[in-house]
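Close look at the chain arrangement
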Amino acid sequence: MIYLVIINVLGFLIMGLDKAKAKKQKYRISENTLLFVALMGGSLGSYLGMYCFHHKTKHVKFYIGMPLILFIQILIYCFYFIQNSRQRILYML
């Protein structure tokens, strides 16, 4: 759980940092890095950062890809939670 908090805060922050760099026309964070952080579990933070900072919202790779990554990760977390809940219930019996 701590990992998910950290990676999502990181995803949010790098979206904001990349937006600030874009405004100042400085060296940018690569799109692959932004997507990699999302794929590693930071999709919620990255998605919130996209819309909070209005960053990458017109790029198809992001406005379709980021919600898709988030949706898939939510499904994985739900499946994992359900499986663990069943195991705990069976263990208690």
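Going by the structure above, here's the rest.
Bear in mind that the values here come from a model prediction, so they are computed numbers and not experimental data. (Residues numbered from 1 in each chain as written. Predicted model: local features only at pLDDT ≥ 70, side-chain atom pairs only at ≥ 80, totals over all residues. Heavy atoms only, no water.)

**A closer look at the overall build of the protein chain**
Helices and strands together make up the secondary structure of the protein chain, namely four helices and zero strands. Seen in sequence order, the protein chain has helices and strands lined up from the N terminus as α-α-α-α. A compact globule built from 93 residues would reach a C-alpha radius of gyration of about 12 Å, whereas the protein chain, at 16 Å, exceeds it by more than 25%. Looking at the protein chain as a whole, 30% of its 93 residues qualify as buried. Sequence separation of at least 24 residues holds for 66% of the intrachain contacts in the protein chain that already meet a minimum separation of 6. (Helix = DSSP H or I, 4+ residues; strand = E, 2+ residues; numbered from the N terminus. Rg over C-alpha atoms; globule rule 2.2 N^0.38 Å. Buried < 20%, exposed > 50% of the residue type's maximum accessible area, 1.4 Å probe, protein only. Contact = heavy atoms within 4.5 Å.)

**Regarding the side chain of His55**
Relative to the helices and strands, His55 is located in the loop between α2 (31-52) and α3 (60-63). Residue class for His55 comes out buried when judged on its relative accessible area of 5%. Apart from residues no more than four positions distant in its own chain, His55 is found in contact with Met15, Asp18, Lys19, Ala22, Arg28 and Met50.

**A word on unusual backbone geometry**
Within the chain, His54 stands out as a residue other than glycine whose phi angle is a positive 50°. As for its position among the elements, His54 is in the loop between α2 and α3. A positive phi is found at Lys56, a non-glycine position, where the angle reads about 65°. Note on placement: Lys56 falls in the loop between α2 and α3.

**Some points on α2**
Look at α2: only 18 Å from first C-alpha to last across 22 residues, short of the 32 Å you get at 1.5 Å a residue. Along its length, α2 shows its largest kink, about 130°, at Gly42. What α2 keeps buried is the set Leu34, Leu35, Val37, Ala38, Gly41, Gly42, Ser43, Gly45, Ser46, Gly49 and Met50. His54 occupies a position one or two residues after α2 and carries a positive phi of about 50°. (Expected span 1.5 Å × (residues − 1). Bend = angle between axes of the 7 residues up to and from the residue.)

**Remarks on the nonpolar core**
With 12 residues, the main nonpolar core is built from Ile7, Ile14, Met15, Ile29, Leu34, Leu35, Val37, Ala38, Met50, Phe62, Met66 and Ile69. Counting only elements with at least two residues in this core, the list comes to α1 (2-23), α2 and α4 (65-92). At five residues, α2 tops the list of elements feeding residues into this core. Sequence-distant contacts of Ile14, defined by excluding residues within four places in its chain, comprise Ile29, Thr33, Leu34 and Val37. (Core = buried A, V, L, I, M, F, W, Y, C linked by side-chain atoms within 4.5 Å.)

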